[in-house]
Amino acid sequence: MKLPKHYDPQSAEKRWQDYWEEKGLYNFSLTSAQPVYAIDTPPPTVSGDLHLGHCYSYSQTDFMARFWRMNGHNVYYPMGWDDNGLPTERLVEQRLGIKPAKVGREKFIQAIHQVSQEFETRYEQLWKRLGLSVDWRQTYTTISSHARKVSQYSFIDLHNKGLAYRASAPTIWCPTCGTAIAQAEVDDLERETNFITVAFKLSNGQTLPIATTRPELLPACVAVFVNPNDKQHKELIGQTAITPLFKSQVPILPDLKADPEKGTGVVMCCTFGDTTDVEWWYAHKLPLVSVITRDGTLNELAGPYAGLEAKAARAKITEALASQGLLLGQQTVPQTIRVHERCDTPVEYIETKQWFIKVLDRKQDFIEAGRQIAWHPPHMQARYENWVQNLGWDWCISRQRYYGVPFPVWYCAACGQTILADPADLPVDPLVQHPMEACRCGSADFVPDTDIMDTWATSSVSPQIAGKWLKDDELFKRVFPMSLRPQAHEIIRTWLFYTIVKALYHFGQLPWSNAAISGFGLAPAGVKLSKSKGDNPLDALAMMERYSADAVRYWAASTSLGRDSLVSEEKIASGNKLVTKLWNVAGFALRFLDGYQVPRAIPVLTPTDQWILARLQHVIRRATASLRDYDHVSAKDEVEAFFWGTLADNYVEMVKSRLYQLEDGDSQKESARFTLHTVLLTVLKLLAPITPFITEEIYQHHFAQQEDIHSIHVSQWPTVSSELISEPAELVGQALVGIATEVRRYKSAHQLPLGAPLARLEIASLNQELLGKLASAKLDIASVTRAQEMAFNAKPSQSSIAVTGIQDLWLAL
């Protein structure tokens, strides 16, 4: 069947997406005997519109799903939406302009459900438009009843194993979001700050200069530290210092962490300014004086500065120090501060009561677990290990917010006993439900835990949620542990690490065998695209409408795992050129393959056909090996180079005379038809994971009926045919391409069109075997060079020129 002259990607892509869904092409089969390839797909956080950066990373996962499916695997490829927790709350607050404290918890949660469903519908539409081969029957949300059950069961299991505990301790706190956060949710931010030197006093009245960037913490100063090896200050150890303005007497203590080269060499310790203050507080058993409140303002201990936010208090206290002659110096210096990744608010360290999961005492176990995973690219393992090695806190999983998975916990009002829900009753909402039995002390009066779990506490069991743990035992046994965790590199410290923690704690095994770490899609200015910030200059759907989904996927296939990539409309346009060229080459080939029946045995092949088929075997081998190694770039480049340079630019031009001039049944024409059929079908299959729509469109026009398979995406992946491997044939092919190249160069130098006829072409070679092969390919050489007369000589004439890169081959033009 002939192809239409032009390919319309907009209608074709929609048609094939509908067809795939109708056929259930990507549905996982619970009864199949094929090996399972299960993907722990990242559930996008419902925090704004998806963008081309998401198309970039999710396409790379789909390449692997399609590749392994064509390699005979039963692919389990679910999709989830991460719609519980702080990011979704903030989206609703910003979108609707409401705060939960003002509208009430119930109305706020109703608004979240409405907004979440709206965004999740848009997410699904985008993924389908992009051609992700997801089994949409397996879609889940992290706030669903099943997800809440799994998350709460996970907590109860860890609590019963002594791995989850509640404690009052210094906590990383975000004043803007009003909640505790985990170490993994903290980023570094560079800024300039005012580094001031203030006058503490010693008991003898002598001034003790101390430098600080946080004078607002002076009312919380509980000690002063000097390095015991600091000759200038070690005599101060054991004395008492008096804080400026607030007149508190604090001890001067020794500690090696006090840096003699920083500031004045004397450091004040406040509870708490940073993690070093926390460490000193623990190590030296210092008193706790809390001056920063949960909303980031100072409390009554700050005296006249109470009620001010930290930044404002900093300025006021600096003014007061200056007015009383206690400000000894100040300078602007660069500073790295710790901020909440969700809002860039500088974090505080305040004492609160939170739920934690133990991780610090198992760091080596987690490092060893990471070494058992195949990392793609391999260097990402180092990021994981560095994170685990530098952990300083157990994992804080409780949040003081409104929307998320509640802790299945009550506290006895009489004795304070912690009461866990019965696993058979999960999921539960302790604010609505009550324990079924009285406390062991006899009291039936309970206080519910009002906190919710950190969203990572649920996302960390994504393989279990996606695999329907506690819901479908047969399915879970088939898909867990999973084959692949694809994710971005910035959440190695959160999602990847926490998922390993939960899998080891619950099952004693890894959650998956491979981790594919993607980079970011970057805006043209080089900035990471963000759905929550909405800084997306190129709309994903608009880009697919302007070019095609295949073209966008081609851009995604052009950069390796682990590397960031600028959103490049030029690269997307290049993908569209590939789609157009593939359509044109297929259109040429299929006009000669209409009604063609593939012979059971390989026919007698011409030298030209032997060459391209031999070359094709290397392409199959290299592309397959690359994809097995999660290297889609090398696979794409290998196939694309063959398609453009070997097939489109040379072979098609060489074979035209045989196809047009010879009669059906002629052995040379049948050789060409066999070769065109084999090469085109193979190229389509090798490109199918990357460009699924155009390859399906061409496949359905001719090959689906021949192979009796209803989609290229469930057809068999190409394998190397040892019968077609031939080094001599490849040498002949190099000579053929060399001849074509020299003739093109000649025509270009003489300003002749490439299609211009060439009066005479003499080919000379001292290699008689090569010369004989070239002579038998005379019709193909004439086709590509337009030579009207040809001669083959054993010796070159005086006017002959050597063919570049081909030994003992000359041309006379």
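Residues numbered from 1 in each chain as written. Predicted model: local features only at pLDDT ≥ 70, side-chain atom pairs only at ≥ 80, totals over all residues. Heavy atoms only, no water.

K.L.:
I keep staring at the overall build of the chain and nothing clicks. Help me out?
P.N.:
Looking only at helices and strands, the chain has 24 helices and 29 strands in total. Expressed along its principal axes, the backbone C-alpha trace of the chain runs to roughly 110 × 65 × 45 Å. Counting all 813 residues of the chain, 58% fall into the buried class. Of the contacts made within the chain by residues no fewer than 6 positions apart, 77% connect residues no fewer than 24 positions apart. (Helix = DSSP H or I, 4+ residues; strand = E, 2+ residues; numbered from the N terminus. Buried < 20%, exposed > 50% of the residue type's maximum accessible area, 1.4 Å probe, protein only. Contact = heavy atoms within 4.5 Å.)

K.L.:
Before we go on, may I ask you to explain unusual backbone geometry in this structure?
P.N.:
The general pattern is negative phi for most residues beyond glycine and trans for most peptide bonds. The omega torsion across His376 and Pro377 is -5°, close enough to zero to call that bond cis. Along the chain, Pro377 falls in the loop between strand S15 (374–376) and helix H10 (380–389). With an omega of -5°, the peptide bond running from Phe480 to Pro481 counts as cis. Inspection of the secondary structure puts Pro481 in the loop between helix H13 (473–479) and strand S22 (482–488). Its identity as a non-glycine residue notwithstanding, Asp708 has a phi of 55°, on the positive side. Within the element layout of this structure, Asp708 appears in the loop between helix H21 (692–707) and helix H22 (727–749). What makes Asp708 exposed here is its relative accessible area of 69%. Positive phi, normally seen in glycine, also occurs at Asp808, with a value near 60°.

K.L.:
Would you mind showing me how to read the pattern of salt bridges here?
P.N.:
Two side chains that carry opposite charge are able to pair once their charged atoms sit near each other. According to the stated counting rule, one finds 42 salt bridges in the structure shown. A salt bridge links Glu348 to Arg214, with the nearest nitrogen and oxygen atoms 3.0 Å apart. A residue pair is termed long-range when its members are at least 10 positions apart, and Glu348 in strand S14 (residues 348–357) and Arg214 in the loop between strand S8 (207–212) and strand S9 (221–226) qualify at 134 residues. (Salt bridge = Lys/Arg side-chain N within 4 Å of Asp/Glu carboxyl O.)

K.L.:
Quick question: what am I supposed to make of the environment of Leu321 here?
P.N.:
Counting through the fold element by element, Leu321 comes out in helix H8 (residues 310–323). Using a relative accessible area of 0% as the deciding quantity, one classes Leu321 as buried. Ignoring anything within four residues of it in the chain, the contact list for Leu321 reads Ile196, Val198, Pro215, Leu218, Pro244, Leu245, Leu326 and Leu327.

K.L.:
I would appreciate a short explanation of the packing of aromatic side chains in the present structure.
P.N.:
Centre distance and the angle of the planes are the two values used to describe a pair of aromatic rings. Taken as a whole, this structure holds 40 aromatic pairs when the rule is applied. The interplanar angle of 75° and the centroid separation of 5.7 Å between the aromatic rings of Phe643 and Trp644 together place this pair among those described as edge-to-face. Judged by its relative accessible area of 27%, Trp644 is partly exposed. Ring centres of Tyr699 and Phe703 lie 6.3 Å apart, and the angle between their planes is 25°; this geometry places the pair in the stacked category. Of this pair, Tyr699 and Phe703 both sit in helix H21, 4 residues apart, which is roughly one turn of the helix. There is no split in this pair, since Tyr699 and Phe703 are both buried. Linked through ring pairs, Phe366, Trp375, Tyr384, Trp395, Phe497, Tyr498 and Tyr505 together constitute an aromatic cluster. The residue whose ring lies beneath Lys128 is Trp136, and the NZ or CZ to ring-centre distance is 5.5 Å. When the ring centre of Phe588 is taken as origin, the NZ or CZ atom of Lys656, which lies over that ring, is 5.8 Å away. (Phe/Tyr/Trp six-rings, centres within 6.5 Å; stacked < 30°, edge-to-face > 60°. Lys NZ or Arg CZ within 6 Å of the ring centre and 35° of its normal.)

K.L.:
Teacher, can you tell me more about the sheet that holds strand S18 (residues 409–412) here?
P.N.:
Neighbouring strands of a sheet are bound in pairs by backbone hydrogen bonds; such pairs are parallel or else antiparallel. Taken in spatial order, the 3 strands make up an open sheet running S19-S18-S20, and their pairing is antiparallel. This sheet does not close on itself; its edge strands, each paired only once, are strand S19 (418–420) and strand S20 (446–448). The mean inter-strand angle of the sheet, taken between neighbouring strand axes irrespective of direction, is 35°. Two strands pair when backbone bridges link them, and S18 and S19 are joined in this way by 3 bridges, in the antiparallel orientation. (Pairing = 2+ DSSP bridges. Axes fitted to C-alpha atoms, helices over the stretch in contact; angles between N-to-C directions.)

K.L.:
How do you make sense of the sheet that holds S22 when you look at a structure like this?
P.N.:
With respect to topology, 3 strands assemble into an open sheet ordered S15-S23-S22, the strand pairing being parallel. Both outer strands of the open sheet, S15 and S22, are each paired with one neighbouring strand and no more. Going from strand to strand, the sheet's axes swing by 20° on average, the running direction of each strand aside. Where S22 lies against strand S23 (residues 512–518), 6 bridges are found, and the strand directions are parallel. When the bridges of S23 are listed, Leu484 appears paired with Asn514. The strands that helix H14 (residues 492–507) touches are S15, S22 and S23; relative to S22, the one it contacts most, it runs at about 160°.

K.L.:
I keep staring at the side chain of Thr171 and nothing clicks. Help me out?
P.N.:
Within the secondary structure, Thr171 sits in strand S5 (residues 164–174). Here Ala169 takes part through its backbone oxygen, which lies 2.9 Å from a polar atom of the side chain of Thr171. Dropping the residues within four chain positions of it, Thr171 is found in contact with Ala180, Glu348, Tyr349, Ile350, Thr352, Gln354, Trp393 and Cys396. (Polar contact = N/O pair within 3.5 Å; in protein donor to acceptor, adjacent residues only side chain to side chain.)

K.L.:
So what exactly am I meant to see when it comes to helix H19 (residues 632–661) here?
P.N.:
Residue pairs spaced three or four apart in an α-helix point in one direction, given the helix's 3.6 residues per turn. Between its terminal C-alpha atoms H19 stretches 40 Å, which fits the 44 Å expected from 30 residues at 1.5 Å a residue. At Tyr651, H19 shows its strongest bend, of approximately 45°. (Expected span 1.5 Å × (residues − 1). Bend = angle between axes of the 7 residues up to and from the residue.)

K.L.:
Even after reading the chapter, I still don't get helix H7 (residues 275–284), so can you show me in this structure?
P.N.:
Every buried residue belonging to H7 is among Asp277, Val278, Trp280 and Trp281, and all of these are buried. Buried residues of H7, seen end-on, are gathered within an arc of 165° and therefore sit on one face of the element. Looking at the buried side of H7, the elements it contacts are S5, S9, strand S12 (266–270) and S14. The residue sitting at the N-terminus of H7 and contributing the capping side-chain oxygen is Asp274; that oxygen lies 3.1 Å from the backbone nitrogen of Thr276. Once H7 ends, the next one or two residues include Lys285, with phi positive near 50°. (Arc of directions from axis to C-beta.)

K.L.:
So what exactly am I meant to see when it comes to the nonpolar core here?
P.N.:
Most often, soluble globular proteins keep nonpolar side chains buried together rather than apart. Counting 137 residues, the largest nonpolar core has Trp127, Leu761, Ile763 and Leu774 as its most contacted members. Non-local contacts of Leu761, meaning those with residues more than four positions away in its chain, are made with Ile739, Val743, Ile781, Thr785, Ala787, Glu789, Met790, Ala791, Leu811, Ala812 and Leu813. The next biggest cluster of nonpolar side chains, apart from the first, holds 67 residues, and it includes Phe155, Ile367, Val409 and Phe476. (Core = buried A, V, L, I, M, F, W, Y, C linked by side-chain atoms within 4.5 Å.)

Any functional reading would require information beyond the geometric quantities listed.
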